[in-house]
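# Close look at the chain arrangement
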2 protein chains.
Amino acid sequence: MRSTKQRNVILDIINNSCSHLDAYGVYEEARKQISNISLGTVYRNLNALEKSHLIDVVYDGTDKIRYDKKDFHQHFICVKCHKIIDIYDLNFKNISTYKNNVVMNCKIILEGICEKCQKEE
Amino acid sequence: MRSTKQRNVILDIINNSCSHLDAYGVYEEARKQISNISLGTVYRNLNALEKSHLIDVVYDGTDKIRYDKKDFHQHFICVKCHKIIDIYDLNFKNISTYKNNVVMNCKIILEGICEKCQKEE
DNA sequence: CTTCTAACTAGTAATGATTACTATTTAATT
DNA sequence: AATTAAATAGTAATCATTACTAGTTAGAAG
């Protein structure tokens, strides 16, 4: 993967933001630095950066994919307004609430390479 | 929410499947029982059932939303082939592998109603 | 049982997030 | 400086999902 101005700007935007931007949000931020950057370039780089494990994705329950820095933490997601709250102090002892937010469900997803795909590498 | 033939068939398909079907997969199964069921009806009911917490959604890393029965378990998702493996015996003591599948990341998402949305109810 | 009506459906059109394509540019190696 | 594979801008295409409309139906009330 080559180092380009566009890719560096996009990675910096993700790493310096706490707002879980979607692709268009990243595009709007990036245009402040590279006025004619293409939306396709933003999509292509977000996919490439995610594939290289340099950024993470978050699904907030809408149809948009949101992007997040690689920084170990968990999320609370409101099923009504789709707000995402970063959790840096998860405590499984009382998981029915997290700071006045009512918890209804807990999803745990392990991501990795399955047995079959390891053999094909 | 009224009980309709279409809605019952769709809920049954989700509850009797282990394959994390997407909307079109549910549509194909449903047509075996209601030959002229509409794809729009499938989408509308999947959304309604999820909103009523009768079914769950799973994101496998593709652009398709997959549906799952409400049955407390966790998921392993392969980042290469997007296979979803159900986990009923999660053990945090050694999380670097799950049954020969290499774990690279663990996402924990709490879902619920945020403080602001509670006040607006 | 009949009437009533809001909720639901089938079928189709529209939307919009994402991806694909193409000519041009550029990082970085030789 | 020359070379070239990878990347980009701009635009067109894709396709999962949602919206719309006229007709149908579940289920409550008389």
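Structure report, in brief.

About the thresholds
Residues numbered from 1 in each chain as written. Chains lettered and ligands numbered in written order. Predicted model: local features only at pLDDT ≥ 70, side-chain atom pairs only at ≥ 80, totals over all residues. Heavy atoms only, no water. Helix = DSSP H or I, 4+ residues; strand = E, 2+ residues; numbered from the N terminus. Buried < 20%, exposed > 50% of the residue type's maximum accessible area, 1.4 Å probe, protein only. Contact = heavy atoms within 4.5 Å. Areas by Shrake-Rupley, 256 points an atom, 1.4 Å probe, with all protein chains shown as cover. Lys, Arg positive; Asp, Glu negative; His and termini not counted. Charge placed at Lys NZ, Arg CZ, Asp CG, Glu CD. Buried area = accessible area lost by both parts, 1.4 Å probe. Salt bridge = Lys/Arg side-chain N within 4 Å of Asp/Glu carboxyl O. Axes fitted to C-alpha atoms, helices over the stretch in contact; angles between N-to-C directions. Parallel < 35°, antiparallel > 145°, perpendicular 65-115°, else oblique. Left-handed = near helix turned anticlockwise from the far one by under 90°. Nonpolar A, V, L, I, M, F, W, Y, C, P; charged D, E, K, R; others polar.

Moving on, we come to the overall build of chain A. The helix and strand tally for chain A stands at 4 helices and 6 strands. In chain A, the succession of α and β elements from N to C terminus is α-α-α-β-β-β-β-β-β-α. The principal-axis extent of the C-alpha atoms belonging to chain A is close to 50 × 40 × 25 Å. Relative to its 121 residues, chain A shows a buried fraction of 44%. Contacts in chain A between residues at least 24 apart in sequence constitute 36% of all its contacts with a sequence separation of at least 6. Carbon together with sulfur atoms contributes 48% to the accessible area of chain A, which is approximately 7000 Å² in total. For chain A, the distance from the average site of its 18 positive side-chain charges to the average site of its 16 negative ones is 3 Å.

What follows concerns the interface of chain B and chain A. Counting residues at the interface gives 42 residues for chain B and 42 residues for chain A. Together chain B and chain A conceal approximately 4200 Å² of surface at their shared face, both sides included; 60% is due to carbon and sulfur atoms. Among the residues chain B hides against chain A, the three largest losses belong to K107(B), L110(B) and E111(B). Together they make up 19% of the total. Across the chain B-chain A interface, the total number found is 4 salt bridges. One salt bridge in this structure joins K107(A) and E111(B), with 3.2 Å as the shortest N-O distance.

Residues and elements named next belong to chain A. Contact pair helix α1 (residues 5-15) / helix α2 (residues 23-31): the axes reach a minimum separation of 10 Å and the direction vectors enclose 115°. Considering their axes alone, α1 and α2 lie roughly perpendicular with respect to each other. As for the relative orientation of α1 and α2, their crossing is right-handed in sense. Across the interface between the two elements, V9, I10, I13 and I14 from α1 touch V26, E29 and A30 from α2. Of the residues that constitute the contact of α1 with α2, the class distribution is 6 nonpolar, no polar and 1 charged.

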